[in-house]
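# Secondary and tertiary structure notes
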Amino acid sequence: MTELDGKVAIVTGGSSGIGRGIAARFAAEGARVVIADVRDDLGEAFAAELNSAGAKTIYRHTDVGVQSEVAELVDTAVATFGGLDVMVNNAGISSPLRKGLFHEDLEEFDRVMRVNLLGVMAGTRDAARHMSEHGGGSIINLGSIGGIQAGGGVSTYRASKAAIIHFTKCAAIELAHYEVRVNCLAPGNIPTPILASSATDEDREKLERFEARIRQQMRDDRPLKREGTADDVAEAALYLATDRSRYVTGTVLPIDGGTTAGKVIVRKSTTDDPSR
């Protein structure tokens, strides 16, 4: 199938993790994809890999925390491929994991908010400026279940993701008049490099144990027992990018194996009657 044949898409943070999965899925469905990131070696190699398989992609160095670079990214997509139909604001970073709120110096606040929130807001605005004059389009913002479900640690990251969710709903209301749909995906328990980046320098040697412990807690809290992947998020992004979701805007879709639905019920035995 080629559900995005003839469409032009931008994926920020597209060189690894969830962004890479989305960019690959879109390219496989026939979209012409602009991969944006700050890791030039990864981005350029990924674009070359997709193009060698017959896709039409380009890589563009973009720091989404710099508004002028986001505007230039949109201009590049339009100039190179003739338009812009889908904008995926995926780029994001984590705040450092501290030993509690009392130990949090909020030193990374400006950087995290600039990338995670400002990048989404600027990407939405600049993409919508083009889409509003060319028949509409789909904007997909990447939040997190950390923006839905409260918890301790990485408080700045959680706050940035909660803000993305609220901004998405506000933008959806304002842009509906132009047939521009704005939705938010909220992944959870998806193995990506962002969790490792939350470890502070003093934790570096303990990183493997730290990540294993966090991952196990995520598994314990997840009703579905299979692991989520970047491909699972990409499938949801594909749905929001296509006409199958033409009546869907302002939504927040958790992709978390049921984590935000509620706590797992622990049964005494596998033979317990679930009806009791």
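I will try to describe carefully the structure that is included in this document. (Residues numbered from 1 in each chain as written. Predicted model: local features only at pLDDT ≥ 70, side-chain atom pairs only at ≥ 80, totals over all residues. Heavy atoms only, no water.)

Moving on, we come to the pairing of strand β6 (residues 180–187). Taken across its 8 residues, β6 has 8 buried, putting it largely inside the fold. Looking at chain direction, strand β5 (residues 137–142) and β6 are connected through 6 bridges and run parallel. Counterpart to N141 in the pairing with β6 is C184. Handedness of the crossover is the feature at issue here: the chain leaves β5, passes through helix α5 (residues 155–175), returns alongside β6, and the resulting connection is right-handed. Relative to strand β7 (residues 252–255), β6 runs parallel, the two being bridged by 4 bridges. (Buried < 20%, exposed > 50% of the residue type's maximum accessible area, 1.4 Å probe, protein only. Helix = DSSP H or I, 4+ residues; strand = E, 2+ residues; numbered from the N terminus. Pairing = 2+ DSSP bridges. Right-handed = clockwise from strand over helix to strand, strands pointing away.)

Turning our attention to the pattern of salt bridges. Going through the model one piece at a time under the given rule, you end up with 11 salt bridges. A salt bridge links R111 to E108; the nearest nitrogen and oxygen atoms lie 3.2 Å apart. The class of R111 is partly exposed, set by a relative accessible area of 40%. The class of E108 is partly exposed, set by a relative accessible area of 24%. The shortest N-O distance in the salt bridge between R226 and D232 comes to 3.0 Å. For R226, a relative accessible area of 53% translates into the label exposed. Each of R25, E29 and E235 takes part in a single network of salt bridges with overlapping partners. (Salt bridge = Lys/Arg side-chain N within 4 Å of Asp/Glu carboxyl O.)

A word on the nonpolar core. One finds I22, F26, I140 and L185 to be the most contacted residues of the largest nonpolar core, which totals 31 residues. The set of elements that each furnish at least two residues to this core consists of β1 (8–12), α1 (17–28), β2 (32–37), α2 (40–52), β4 (86–89), β5 and α7 (230–241). Top contributing element to this core by residue count: α7, with 8 residues. Ignoring anything within four residues of it in the chain, the contact list for I140 reads V86, M87, V88, N89, N183, L185, A237, L240 and A241. (Core = buried A, V, L, I, M, F, W, Y, C linked by side-chain atoms within 4.5 Å. Contact = heavy atoms within 4.5 Å.)

This paragraph deals with the environment of I164. Relative to the helices and strands, I164 is located in helix α5. In sequence terms I164 and G143 are 21 residues apart; their C-alpha atoms lie 6.1 Å from each other. If we ignore the near neighbours within four places in the chain, the residues touching I164 are N116, L117, V120, N141, L142, G143 and C184.

An ideal rise of 1.5 Å per residue puts 30 Å on 21 residues; α5 measures up with 30 Å between its terminal C-alpha atoms. Among the residues making up α5, those that are buried are T156, Y157, S160, K161, I164, I165, F167, T168, A171, A172 and L175. Where α5 is buried, its residues touch α4 (109–131), β5, β6 and β7. (Expected span 1.5 Å × (residues − 1).)

Glancing now at the side chain of N89. Assignment of secondary structure puts N89 in strand β4. Of note is the side chain of N89, whose polar atom sits 3.4 Å from the side chain of T124. What N89 contacts, discounting residues up to four positions off in sequence, is T12, G119, V120, G123, T124, I139, I140, N141 and L142. (Polar contact = N/O pair within 3.5 Å; in protein donor to acceptor, adjacent residues only side chain to side chain.)

Within the open sheet, the 7 strands sit side by side as β3-β2-β1-β4-β5-β6-β7. Their pairing is parallel. A single partner strand is all that each edge strand has here, and the edge strands are β3 (56–61) and β7. Strand-to-strand twist in this sheet, taken as the mean axis angle between neighbours without regard to direction, amounts to 20°. Looking at chain direction, β1 and β4 are connected through 3 bridges and run parallel. (Axes fitted to C-alpha atoms, helices over the stretch in contact; angles between N-to-C directions.)

For T12, the location among the structural elements is in strand β1. Within the structure, the side chain of T12 is placed 2.8 Å from the backbone nitrogen of N90, a separation counted as a polar contact. Discounting residues that sit within four places of it in the chain, T12 has contacts with A36, V64, L73, M87, V88, N89, N90 and A91.

None of the figures reported here should be taken as evidence of function without further support.
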